Amino acid sequence: MFVFLVLTLGLVTSLLPFIYPDTIMNALGAYLNVVVGEFLVTTLRLGKGSLVDVANGTYALNLGGVMAVYGTPLILILLVLRGR
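Residues numbered from 1 in each chain as written. Predicted model: local features only at pLDDT ≥ 70, side-chain atom pairs only at ≥ 80, totals over all residues. Heavy atoms only, no water.

### As for the overall build of the protein
Thinking step 1. Helix and strand counts for the protein come out as three helices and two strands.
Thinking step 2. Helices and strands appear in the protein in the N-to-C order α-α-β-β-α.
Thinking step 3. Its C-alpha atoms give the protein principal-axis dimensions of about 45 × 30 × 15 Å.
Thinking step 4. Here the protein holds 84 residues, and 30% of them are scored as buried.
Thinking step 5. A fraction of 46% describes how many contacts in the protein between residues 6 or more apart in sequence connect residues 24 or more apart.
Thinking step 6. Accessible area of the protein: about 5,700 Å², with a carbon and sulfur share of 71%. (Helix = DSSP H or I, 4+ residues; strand = E, 2+ residues; numbered from the N terminus. Buried < 20%, exposed > 50% of the residue type's maximum accessible area, 1.4 Å probe, protein only. Contact = heavy atoms within 4.5 Å. Areas by Shrake-Rupley, 256 points an atom, 1.4 Å probe, with all protein chains shown as cover.)

### Description of unusual backbone geometry
Thinking step 1. Positive phi outside glycine occurs at Asp-22, with the angle close to 60 degrees.
Thinking step 2. Of note in this structure, Asn-56 is not a glycine but carries a positive phi near 55 degrees.
Thinking step 3. As for its placement among the helices and strands, Asn-56 is situated in the loop between strand E1 (52–55) and strand E2 (58–61).

### Remarks on helix H3 (residues 63–82)
Thinking step 1. The end-to-end C-alpha separation of H3 is 27 Å, in line with the 28 Å expected for 20 residues at 1.5 Å each.
Thinking step 2. Residue Gly-71 marks the point of greatest curvature in H3, where the axis turns by about 35 degrees; the proline Pro-73 follows within four residues.
Thinking step 3. Those residues of H3 that fall on the buried side of the exposure criterion are Gly-65, Val-66, Tyr-70, Gly-71 and Leu-74.
Thinking step 4. Lining the buried residues of H3 we find helix H1 (2–19), helix H2 (26–42) and E2. (Expected span 1.5 Å × (residues − 1). Bend = angle between axes of the 7 residues up to and from the residue.)

### Thoughts on H2
Thinking step 1. With 17 residues, H2 extends 24 Å between its outermost C-alpha atoms, agreeing within 8% with the 24 Å of an ideal straight helix rising 1.5 Å per residue.
Thinking step 2. Turning to H2, its buried residues are Asn-26, Gly-29, Asn-33, Val-36, Gly-37, Leu-40 and Val-41. Mapping the buried residues of H2 onto a view down its axis gives an arc of 130 degrees, with all of them on the same face. In this structure, H2 carries Leu-28 and Tyr-31 as exposed residues pointing more than 90 degrees from its buried face.
Thinking step 3. Against the buried residues of H2 lie H1, E1, E2 and H3. (Arc of directions from axis to C-beta.)

What follows is the structure, encoded as C-alpha cells:
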C-alpha cells in the first residue's frame, strides 16, 4: 500500500508541469521530472527521445515518460489489489 501511495503522489506531482505550465505550482514537478529523467538516461541509458527530452540542457521526463514510469506500475498494483 505504501508503494501505491508513493507512486500516486509521484504521478500527481510529475503531471503538474503539464497541467499548470509556467506557474509556481509546477516547480516541484519539474524538478522531479528532471531528477527521474537524468536517472533514466545516465544510469539505465533508457528512453532518450521517447521517454526523456532535453530541457534547458538537462534531461526531463516528457508526458509519455511520466505515464510509463508512474502509470504502468500503478496499473499493475491496482490489478493485484483488485483481487484482495
